Amino acid sequence: MVAKITPQISEQDGYKFGFNDNDRATYTYRTEKGLNEDVVREISKAKDEPQWMTDFRLKSYHHFLEKPMPTGFWGGSIQNYDLNFDDIYYFARASDRAEGDWSDVPEYIKDTFDKLGIPEAEKNKLIAGVGAQYDSEVVYHSIREDLEKLGVIFVDTDSAVRDYPEIVQQYFGTVIPPADNKFAALNSAVWSGGSFVYVPAGVKVDIPLQAYFRINKENMGQFERTLIIAEEGSYVHYVEGCTAPSYSTDALHSAVVEIIVKKGARVRYTTIQNWSTNVFNLVTKRAAAYQDAVMEWVDGNLGSRLTMKYPSVYLMEPGAHGEVLSLAMASDGQHQDAGAKMVHAAPDTTSTIISKSVSRGSGRTSYRGALKVYPGAKRSRATVRCDALLIDEKSRSDTYPLMEIEEEQVNIGHEASVSRVGEEQLFYLQSRGLSEVDATKMIVNGFVEPIVKELPMEYAVELNRLIELQMEGAVG
Amino acid sequence: MAEELLKIEGLTVSVEGKQILNGVDLVVNRGEVHAIMGPNGSGKSTLANALMGHPRYAITGGTVLFKGEEISALTPDKRARKGLFLAFQYPTSIAGVTMVNFLRQAMKAVRGEDVPVREFREKLLATMKLLKVDQEFARRYVNEGFSGGEKKRAEILQMGILDPDLAIMDETDSGLDIDALRTVAEGVNALTTPKLGIVLITHYQRLLNYIKPQFVHILYQGRMIESGGPELALQLEAEGYDPIIEKYAPALAGATGERA
């Protein structure tokens, strides 16, 4: 979701991406509504997958059936919703393959992504590679030639299963096993699309790789599967953006993202999630960081009806560092249940979690975080800081921090604050000529600044714009 | 004839149901500097906040004409856009918003149109130089971690950028050492133009050594009990507030007795 959204897009309800292509969209293939073993087999068959993947899917499907809906600490929020797994389409194919040439992408899909500014970003060389997923599958993928020559792989995960089976098989499902939780099991059973990124040792990808996820169909489920492997001493920044049309019925987005950051490598993964407010966004994201590796999640959640997402870093070897910068904004009817998980499994590991949330109207944000330090992870250092900003009287924010520290020789810091947009701040800014709406926007933009400044310029601009859009009509 | 900027008549103001101003009259013309002095609790800051439109300061009676127009019902931003400015006694901080961004947006808002980058930059640099503030100042977050002196200078910087017709300065001298006071006062003097009216609200006479008022008013228990020229401030400096208060005590007792 790079800048340059064309102005003719309808701005109904303040959501710029609410248009759909139903008049023109044609699906070459799709499964029936609902999920059973046949649907899982069908997906695998449609993709002409090797047997090991079909088996993986079927095994995962049974985990999905056996696993209860998440409850307790990690499932507190889903209990309040009536999510019907039978009312979802699990797979729909709009195009027969991921095109490498933009002109080969079907016209109506091209129009959609044109409106979202996707080819622009590539043309303007703001990104090193791009992937665009439309419902279940990736319709376009490209990477800068020089990076390809250095051995960098950036393809959709379906192609990776076909073209790089040995790497995929080695890592797929190792960071997030199918039985991890009900939604990880669901994704493992019906996954489709997503990005596969492989960065060889010592290669530094200088500008971001970008993926774009678009749900178009009503009642659609999108289950992309992303796997990133950064070999020793490499660097990559991966950015994803997500939007969907505004339908009156619910859609489900349940991704799994696995990242392996090897010795001395660094991976940054940035998400600007702006799903329409009928989307359930239930995602499992986890990275394993090895010796002296750095893993950074920059996680911006603005859209969706309910988001439950807690990017994690498992710090596996000495010197590993994990970081989560989480930004959540909840407007009327939205609940952003976001946070982070840090697991210190080795000595001399460090982690930082910074969470900023803004609730307005009846919007609700929850910070849910876990910090675990295993015995023997001596000299671990961890910092958690969560700040919540409430715009209106009825806005709500909660903090659920969980700490399991099983080693004495550690340094842990935790700070939390909740503030309301203050009368004095508003008066001060208004006395300088800013309207109440503009004053509120300025306060909110200032509040999220520590996260926004970590984004590449185009995304920072876009995020500020999205925040402003959300704030329109918030007051006055 | 001098052009009238502000005309207050019989102004009464309540804060949380408690009446603080009991009928204030004041006329300020362009080019004039008025000092409003008074002991703590006399209603000086209430007057400043009510004029700017703070939502907690309810105007319950009287009229406030600014450039001939009643402004009592206007929101603070509308008053600012008409050319009213308040230099705060305790300016609040805005985390994550840089001074430069804030000043630019404020200038744009007050003008009602975009300000060319170059014009803004030049004005900002010139005003900062005038107030002897470092360029780095513009990149800091609004009032965050500012010293007392920096906060006051930031207020005057805003005044310089926004170019108001009437500036109310609420205890701009409080919390300043003598050097900072001089810098701030010199800045104000340099920004003074024949079109600008200034209302200086202060407890002490010392600010008036640097910014010379033509008119001095004493506010006590929510009323202007005495008005005069600069000599009134010097008299206060010498004798304190007690003699003046005693002089008016019988009249005030009568006036406030009804509420007691």
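Heads up: the structure comes first, above all this text.
None of these values were measured; they are calculated from a predicted model.

Cut-offs and rules
- Residues numbered from 1 in each chain as written.
- Chains lettered and ligands numbered in written order.
- Predicted model: local features only at pLDDT ≥ 70, side-chain atom pairs only at ≥ 80, totals over all residues.
- Heavy atoms only, no water.
- Helix = DSSP H or I, 4+ residues; strand = E, 2+ residues; numbered from the N terminus.
- Rg over C-alpha atoms; globule rule 2.2 N^0.38 Å.
- Buried < 20%, exposed > 50% of the residue type's maximum accessible area, 1.4 Å probe, protein only.
- Contact = heavy atoms within 4.5 Å.
- Areas by Shrake-Rupley, 256 points an atom, 1.4 Å probe, with all protein chains shown as cover.
- 1 Å grid on protein atoms, 1.4 Å probe; cavity = no way out; pocket = protein on both sides within 12 Å on 5 of 7 lines; lining within 4 Å.
- Points joined across faces, edges and corners; volume = space filled by probe spheres on them.
- Nonpolar A, V, L, I, M, F, W, Y, C, P; charged D, E, K, R; others polar.
- Phe/Tyr/Trp six-rings, centres within 6.5 Å; stacked < 30°, edge-to-face > 60°.
- Lys NZ or Arg CZ within 6 Å of the ring centre and 35° of its normal.
- Core = buried A, V, L, I, M, F, W, Y, C linked by side-chain atoms within 4.5 Å.
- Pairing = 2+ DSSP bridges.
- Buried area = accessible area lost by both parts, 1.4 Å probe.
- Salt bridge = Lys/Arg side-chain N within 4 Å of Asp/Glu carboxyl O.
- Polar contact = N/O pair within 3.5 Å; in protein donor to acceptor, adjacent residues only side chain to side chain.

Lay out the overall build of chain A with the relevant residues and their values.
The secondary structure content of chain A amounts to eleven helices and 24 strands. Taken over the C-alpha trace, chain A has a radius of gyration of 21 Å; the compact-globule value for 476 residues is 23 Å, and the two agree within 12%. The proportion of buried residues among the 476 residues of chain A is 64%. Pairs at least 24 apart in sequence give 85% of the contacts found in chain A among residues at least 6 apart. As presented, chain A carries roughly 16700 Å² of accessible surface, and 47% of it is formed by carbon and sulfur atoms.

Go over empty space enclosed by the protein, please, and point to the residues and values.
A water-sized probe rolled over the atoms picks out the places where empty space is left. Residues and elements named next belong to chain A. Scanning the entire structure with this criterion turns up five cavities of 30 Å³ or more. The calculated volume of the largest cavity comes to roughly 60 Å³. Listing elements by their share of the lining of the largest cavity, those giving two or more residues are β20 (350-359), β22 (380-390), β23 (396-405) and β24 (410-420). Partitioned by chemical class, the residues of the lining of the largest cavity number four nonpolar, five polar and two charged. When its volume is computed, the second largest cavity comes out at roughly 50 Å³. Surrounding the second largest cavity, Glu 224, Glu 240, Cys 242, His 253, Ala 255, Thr 271, Gln 273, Trp 275, Asn 281, Val 283, Lys 285 and Lys 309 form its lining. Only β10 (235-243), β13 (266-273) and β14 (279-289) provide two or more residues apiece to the lining of the second largest cavity. Ranked by the residues each element gives to the lining of the second largest cavity, the list is headed by β14, at three residues. Taken together, the residues that form the lining of the second largest cavity break down as four nonpolar, four polar and four charged.

Give me the packing of aromatic side chains: which residues, what numbers.
All names here are of chain A. Applying the stated criterion across every chain yields a total of 23 aromatic pairs over all chains. Geometrically, the ring pair formed by Tyr 81 and Phe 280 is edge-to-face, given 5.6 Å between the ring centres and 90 degrees between the ring planes. Here Tyr 81, found in the loop between α2 (51-66) and β2 (92-93), pairs with Phe 280, found in strand β14; they are 199 residues apart in sequence, far enough to count as distant. Of the two residues, Tyr 81 and Phe 280, neither departs from the other in class, the shared state being buried. Here the aromatic residues Trp 102, Phe 113, Tyr 134, Tyr 140 and Tyr 212 are joined through ring pairs into a cluster of three or more. Cation over ring: Lys 356 sits above Phe 447, and NZ or CZ is 4.5 Å from the ring centre. Seen from the ring of Phe 73, Arg 368 lies directly overhead, with NZ or CZ sitting 5.5 Å from the centre.

Explain the layout of surface pockets to me, using residue names and the numbers behind them.
Taken as a whole, the largest pocket holds about 540 Å³ of empty space. Surrounding the largest pocket, 22 residues form its lining, Asn445(A), Asn464(A), Glu468(A), Asn101(B) and Gln105(B) being those nearest its centre. Within the residue set of the lining of the largest pocket, elements represented by two or more residues are α10 (436-452) and α11 (457-471) of chain A together with α3 (99-111) of chain B. When the residues that make up the lining of the largest pocket are grouped by side-chain class, the tally is nine nonpolar, seven polar and six charged.

So what's going on with the nonpolar core? Which residues, and what values?
Formed by 134 residues in total, the largest nonpolar core has its most connected members in Phe113(A), Leu6(B), Leu47(B), Leu157(B), Met169(B) and Leu200(B). Sort the elements by how many residues they give to this core and α10(A) lands first, with eight residues. Residues Leu209(A), Ile228(A), Val257(A) and Ile259(A) belong to the second largest nonpolar core, which totals 48 residues.

Residue-level account of the pairing of strand β3 (residues 33-37) of chain B, with values.
All names here are of chain B. Burial runs high along β3: five of the five residues are buried. Here β3 shows two buried faces, one formed by Val 33, Ala 35 and Met 37 and the other by His 34 and Ile 36. Here β3 runs beside strand β8 (residues 197-202); their pairing, made up of five bridges, is parallel. By the bridge assignment, His 34 is partnered in β8 with Val 199. Direction of pairing for β3 relative to strand β9 (residues 215-220): parallel, over a ladder of four bridges. Among the inter-strand pairings, Met 37 is bridged to a residue of β9, identified as Ile 218.

I'd like a description of the interface of chain B and chain A, backed by residues and values.
Between chain B and chain A, the contact holds 34 residues from the first and 17 residues from the second. Of the roughly 2000 Å² buried between chain B and chain A, counting both surfaces, carbon and sulfur atoms make up 65%. In this structure, the connection of chain B to chain A is made through three salt bridges. Across the salt bridge formed by Glu423(A) and Arg56(B), the nearest N and O atoms sit 2.6 Å from each other. Joining chain B to chain A, the criterion identifies twelve residue pairs in polar contact (both at pLDDT 80 or more).

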